[in-house]
Amino acid sequence: IQPDMPIYILLGHDPVQDKIILPQLEKYATRILFDPESIENFGCFSKGIIEFLNQLRCNLIDMNWARTKAWREILARAFNSQEDINQLNQSKMIQISYASPPNMKKEHTDIQAIYLQAWLASKLKWNVISVEREEGCLRISYKYDHTALTLSLVPKDTEILEPGAIFSFEAMSQSDYHYLISHESDNKHVKVHASNPERCEMPYTIFLNNFQNGPALVNELFYQASSKDYLAMLQQLVHAVWEQT
């Protein structure tokens, strides 16, 4: 019997781990949405999802990836000139902070931040060198051309965002170009600051509702095809250095 309405399967865990029920249901599904609470090993997780995608006949939607949509749009807008991209590729410091209550394990809240930085690395063709956890932070070393970059993921105790949500993005280039994109007093907008040794740009505000709520999110979850950017992001995390993370 073929249903006349789309069938969505919602999982609260890694679909690769489901060896009994999901294989029987996936052939009837329009798409599978999954939302793991934590990922213990990003290298193994990414390898498993890539292999799963190659065999799957329906769309696969990672809820944590969908939650980064707003910040992917924000970074694309903030770094929309070749000069800004060049400065980002020459960064001496990049920091992404994410909401994380002090009593919550970092492995349960850093998924979106790891996804966002891996997406950025895939877009800018950075090569990962090492990944280290120290003092509650995750530090990722990259190389671009002949430039070494260090990117830090830092937990932030804030009540204005849900645990795991991105709070801010900050970068300082070798030429002292500075970029800060951050929530300030609420979860509905971020303010973008940019400056260099010669001038300070007028700050401007980006409202997030168009990206993370309502029709935009529904479209991302239920109607769009699996994203090529999602696959490129996973391929960044397949590197051996992520298997210890």
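This text goes with the structure placed above it.
Residues numbered from 1 in each chain as written. Predicted model: local features only at pLDDT ≥ 70, side-chain atom pairs only at ≥ 80, totals over all residues. Heavy atoms only, no water.

Participant: Any chance you could explain the sheet that holds strand E2 (residues 31–34) here in plain terms?
Facilitator: Here we have three strands laid out as an open sheet, ordered E1-E2-E3, and parallel in their pairing. Since the sheet does not close on itself, it has two edges, and those belong to strand E1 (8–11) and strand E3 (59–62), each with one partner. In this sheet, neighbouring strand axes are inclined to one another by 15° on average, regardless of whether the strands run parallel or antiparallel. Where E2 lies against E3, four bridges are found, and the strand directions are parallel. By the bridge assignment, phenylalanine 34 is partnered in E3 with aspartate 62. Against the sheet, helix H2 (residues 42–55) touches E2 and E3, its axis set at about 155° to E3. (Pairing = 2+ DSSP bridges. Helix = DSSP H or I, 4+ residues; strand = E, 2+ residues; numbered from the N terminus. Axes fitted to C-alpha atoms, helices over the stretch in contact; angles between N-to-C directions. Contact = heavy atoms within 4.5 Å.)

Participant: What exactly am I supposed to notice about the side chain of serine 100 here?
Facilitator: Take serine 100: it is sitting in the loop between strand E4 (91–99) and helix H6 (111–124). One polar contact links serine 100 to threonine 109, side chain to side chain, over a distance of 3.1 Å. (Polar contact = N/O pair within 3.5 Å; in protein donor to acceptor, adjacent residues only side chain to side chain.)

Participant: How should I be thinking about the packing of aromatic side chains in this particular structure?
Facilitator: Aromatic ring pairs are defined here through the distance separating the ring centres and the angle between the ring planes. Counted according to the given criterion, the structure contains seven aromatic pairs. Ring geometry for phenylalanine 42 and tryptophan 242: centres 6.2 Å apart, planes at 65°, overall edge-to-face. With a gap of 200 residues between them, phenylalanine 42 in helix H2 and tryptophan 242 in the segment after helix H9 (228–237) connect regions that are remote in the sequence. Classification of tryptophan 242 as buried rests on a relative accessible area of 0%. Ring centres of tryptophan 126 and tyrosine 142 lie 5.5 Å apart, and the angle between their planes is 50°; this geometry places the pair in the tilted category. (Phe/Tyr/Trp six-rings, centres within 6.5 Å; stacked < 30°, edge-to-face > 60°. Buried < 20%, exposed > 50% of the residue type's maximum accessible area, 1.4 Å probe, protein only.)

Participant: Got a minute to help me understand the environment of aspartate 157 in this structure?
Facilitator: Mapped onto the fold, aspartate 157 is located in the loop between strand E7 (147–156) and strand E8 (166–173). For aspartate 157, a relative accessible area of 54% gives the class exposed. A C-alpha to C-alpha distance of 9.9 Å links aspartate 157 and phenylalanine 167, two positions 10 residues apart in sequence. Leave out the neighbours within four places in its chain, and aspartate 157 touches Ser100, Pro101 and Pro102.

Participant: What should I look at first to understand unusual backbone geometry in this one?
Facilitator: Apart from glycine, the bulk of residues carry a negative phi angle, and the bulk of peptide bonds sit in the trans form. A positive phi angle is found at glutamate 135, which is not glycine, with a value near 55°. Of note in this structure, aspartate 145 is not a glycine but carries a positive phi near 55°. Residue position: aspartate 145 is located in the loop between strand E6 (137–144) and E7.

Participant: In this structure, what is going on with the packing of H2 against H9? I would like to understand it.
Facilitator: For any two helices packed against each other, one specifies the inter-axial angle together with the distance between the axes. Following both chains from N to C, one finds H2 and H9 inclined at 140°, their axes separated by 8 Å at the closest point. Here H2 lies oblique to H9, going by the angle between them. Crossing hand, H2 versus H9: left-handed. Note on element contacts: H9 touches H2 through Tyr230, Leu231, Leu234, Gln235 and Leu237, opposite Phe42, Gly43, Phe45, Ser46, Ile49, Ile50 and Leu53. Class assignment for the residues of the contact of H2 with H9 results in nine nonpolar, three polar and no charged. (Parallel < 35°, antiparallel > 145°, perpendicular 65-115°, else oblique. Left-handed = near helix turned anticlockwise from the far one by under 90°. Nonpolar A, V, L, I, M, F, W, Y, C, P; charged D, E, K, R; others polar.)

Participant: Just to check I follow, could you spell out the sheet that holds E7 for this structure?
Facilitator: Hydrogen bonds between backbone atoms are what pair the strands of a sheet, whose relative direction is either parallel or antiparallel. What the eight strands build is an open sheet, ordered E5-E6-E7-E4-E8-E9-E10-E11; its pairing is mixed. Each edge of the open sheet carries a strand with a single partner, namely strand E5 (127–134) and strand E11 (204–207). Here the average twist between neighbouring strands, direction ignored, is 15°. Bridging between E6 and E7 involves seven bridges; their strand directions are antiparallel. Its bridge partner lying in E7, arginine 139 is registered against serine 152. Its contacts with the sheet put helix H5 (residues 82–89) on E4, E6, E7, E8 and strand E9 (178–182), and the angle it makes with E4 is roughly 90°.

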